[in-house]
Amino acid sequence: MHVLVTGAAGMVGRKLAAQLAADGACAGRAISKLTLTDVVTPETPGGFDGEIEIRTEDFADPAIAAELIGARPLVIFHLAAIISGEAERDFDKGYRINLDGTLSQLETIRREGRKDGGSYVPRLVFTSSSGVFGAPYPAVIPDEFHATPLTSYGTQKAVGELLLADYTRRGFVDGVGIRFPSIAVRPGKPNASAGGFFSSIIREPLVGLEASLPVGDDLVFTHASPRSAVGFLLHAAGLDRETLGPRINLTMPGVFCSVGEQIAALRRVAGEKAVNLIRRAPDKAVTEIVAGWPTGFEARRALGLGFRAEKDFDEIIRVHIEDELGGRLPH
């Protein structure tokens, strides 16, 4: 089976590719070929006996999409996207990548399937976002909550969900949309994301570095680890179509907790010395941005379909230590 991953150079894309290579299988079938594409050259994962194709290109280019889909991958993980902040700053780029690129992909799949009477219908796992929701929110957002995005990024993802659902309904593609919670603890260095502190107040203190906290301890959010994010995608690839039904866009589960509870978990796992490296640096602009984000989700349908995340934030921290720090804290 041929598997295609777009956006394969991103954090989740790299981890997904590594897991696919290690498993050698996806959706219950052996992988014979793995194609990884991004605008930045993806890493080549080890431990895979089949063919690996590494490509550096813009998947939003219709000619590139036609070439990739022409190879008829049976499972496509569509992770390629412009993140929320950049999509808001650059309107044209956000719509070209996040909306036009998604529509181009769907249309390319439809055209490819029509070549032989519609026999080519790949499973397409689309990464969406809780940004499809807009305030005012209930304390916990149910699966039936309406999609009224308040950002260009959220709008692009919401339209992508609708397109995916319609192309699936018409039998052109076999789609599943996955709305991630906040993914933490993200490996690497601090970034410019407004929500980057969710990871940095854990990641940096664990290795003896200071981290800034721009918001109050009472801010609440829902989190899942990068390991869980990969698990969400792999589970989605193997979901039974009859069980999933027509409502194919799903809100993922996670750990609902406050920043103060994050810090308490850090204290339990790594001690007071780590907590003392968190520096309070109130930032009104960041606080106002994240205050407009949705916080908690029921995710009943996803849980009922077998999607799983961590049980508490202590577990999220331990996953980071296992996956990024070799299973132990630096002395």
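Everything in this summary refers to the structure shown in the same document.

Tallied over the entire structure, the rule returns 10 aromatic pairs. Members of the aromatic cluster, connected to one another through ring pairs, are Phe 133, Tyr 137, Phe 145 and Phe 297. Sitting over the ring of Phe 172, Arg 110 keeps its end group 5.4 Å from the ring centre.

A few words on the pattern of salt bridges. The full count for this structure, using the stated rule, is 25 salt bridges. For Arg 96, the salt bridge identified is with Asp 58, shortest N-O distance 2.8 Å. Here the residue Arg 96 occupies a position in helix 4 (residues 91-114), and Asp 58 occupies one in the loop between strand 5 (51-56) and helix 2 (62-70), the gap between them amounting to 38 residues. When its relative accessible area of 37% is taken as the criterion, Arg 96 is described as partly exposed. Arg 227 serves as the salt-bridge partner of Glu 322, at 2.9 Å between the closest nitrogen and oxygen.

This brings us to the side chain of Ser 130. Relative to the helices and strands, Ser 130 resides in the loop between strand 7 (123-129) and helix 5 (152-169). Here Ser 130 is in contact with Arg 179, Phe 180, Pro 294 and Phe 297, once residues within four sequence places are set aside.

For Arg 14, the position within the fold is in helix 1 (residues 11-23). Judged by relative accessible area, Arg 14 falls into the partly exposed class, the value being 33%. If we ignore the near neighbours within four places in the chain, the residues touching Arg 14 are Ala 8, Ala 9 and Glu 43.

For the bond running from Ala 135 to Pro 136, omega is 5°, close enough to zero to count as cis. Position of Pro 136 relative to the elements: it lies in the loop between strand 7 and helix 5. The amide bond that connects Ala 184 to the next residue, Val 185, takes the cis arrangement and shows omega of 5°. One can find Val 185 in the loop between strand 9 (182-183) and helix 6 (197-206). At Arg 72, a position not held by glycine, the phi torsion is positive, near 55°. With respect to the helices and strands, the residue Arg 72 is situated in the loop between helix 2 and strand 6 (75-78).

A few words now on the packing of helix 6 against helix 13 (residues 313-324). Pairs of packed helices are described in terms of their axes, by the angle between the two and the distance that separates them. One can describe the packing of helix 6 onto helix 13 by two numbers: an axis separation of 11 Å at closest approach and a directional angle of 50°. By the angle between their directions, the pair helix 6 and helix 13 is classed as oblique. Like other packed secondary-structure pairs, helix 6 and helix 13 cross with a definite hand, here right-handed. Counting all contacts with helix 6, which are made through Ile 202, Arg 203 and Leu 206, the residues of helix 13 involved are Phe 313, Ile 317, His 320 and Ile 321. Among the residues making up the contact of helix 6 with helix 13, the classes are represented as five nonpolar, one polar and one charged.

Here the focus is the packing of helix 4 against helix 5. Put simply, helix 4 and helix 5 touch, their axes get as near as 9 Å, and they point 10° apart. What the angle tells us is that helix 4 and helix 5 run roughly parallel. Contacts between helix 4 and helix 5 involve Phe 91, Gly 94, Tyr 95, Asn 98, Leu 99, Thr 102, Leu 103, Leu 106, Glu 107 and Arg 110 on the former and, on the latter, Ser 152, Tyr 153, Thr 155, Gln 156, Val 159, Gly 160, Leu 163, Leu 164 and Tyr 167. Residues belonging to the contact of helix 4 with helix 5 are distributed by class as follows: 10 nonpolar, seven polar and two charged.

A few words now on the sheet that holds strand 9. Overall, mixed pairing links the three strands, which are arranged 9-11-13 in an open sheet. Taken across any chain shown, the strands that pair with only one partner, and hence form the sheet edges, are strand 9 and strand 13 (255-258). Relative to strand 11 (residues 220-224), strand 9 is paired through two bridges, and the arrangement is parallel. Each residue of the ladder has a partner; that of Ser 182, found in strand 11, is His 223.

What follows covers the layout of surface pockets. Of the voids in this model, the second largest pocket is the one considered here, and its volume is about 340 Å³. What lines the second largest pocket is a set of 18 residues, among which Asp 143, Ala 147, Glu 161, Arg 179 and Asn 249 lie closest to the centre. For the lining of the second largest pocket, the secondary-structure elements that each account for two or more residues are helix 5, strand 12 (249-251) and helix 12 (300-304). Ranked by the residues each element gives to the lining of the second largest pocket, the list is headed by helix 5, at four residues. Among the residues making up the lining of the second largest pocket, the classes are represented as 11 nonpolar, two polar and five charged.

This part takes up helix 1. Spanning 13 residues, helix 1 covers 19 Å between terminal C-alpha atoms, matching the ideal 18 Å at 1.5 Å per step. Where helix 1 is concerned, the buried positions are Met 11, Val 12, Gly 13, Leu 16, Ala 17, Leu 20 and Ala 21. The secondary structure elements touched by the buried residues of helix 1 are strand 1 (2-6), strand 2 (25-26), strand 4 (33-38), strand 6, strand 9 and helix 7 (226-237). Positive backbone phi, at 70°, marks Gly 24, one or two positions downstream of helix 1.

Definitions and cut-offs
Residues numbered from 1 in each chain as written. Predicted model: local features only at pLDDT ≥ 70, side-chain atom pairs only at ≥ 80, totals over all residues. Heavy atoms only, no water. Phe/Tyr/Trp six-rings, centres within 6.5 Å; stacked < 30°, edge-to-face > 60°. Lys NZ or Arg CZ within 6 Å of the ring centre and 35° of its normal. Salt bridge = Lys/Arg side-chain N within 4 Å of Asp/Glu carboxyl O. Helix = DSSP H or I, 4+ residues; strand = E, 2+ residues; numbered from the N terminus. Buried < 20%, exposed > 50% of the residue type's maximum accessible area, 1.4 Å probe, protein only. Contact = heavy atoms within 4.5 Å. Axes fitted to C-alpha atoms, helices over the stretch in contact; angles between N-to-C directions. Parallel < 35°, antiparallel > 145°, perpendicular 65-115°, else oblique. Left-handed = near helix turned anticlockwise from the far one by under 90°. Nonpolar A, V, L, I, M, F, W, Y, C, P; charged D, E, K, R; others polar. Pairing = 2+ DSSP bridges. 1 Å grid on protein atoms, 1.4 Å probe; cavity = no way out; pocket = protein on both sides within 12 Å on 5 of 7 lines; lining within 4 Å. Points joined across faces, edges and corners; volume = space filled by probe spheres on them. Expected span 1.5 Å × (residues − 1).

Treat this as a map of the structure, not an account of what it does.
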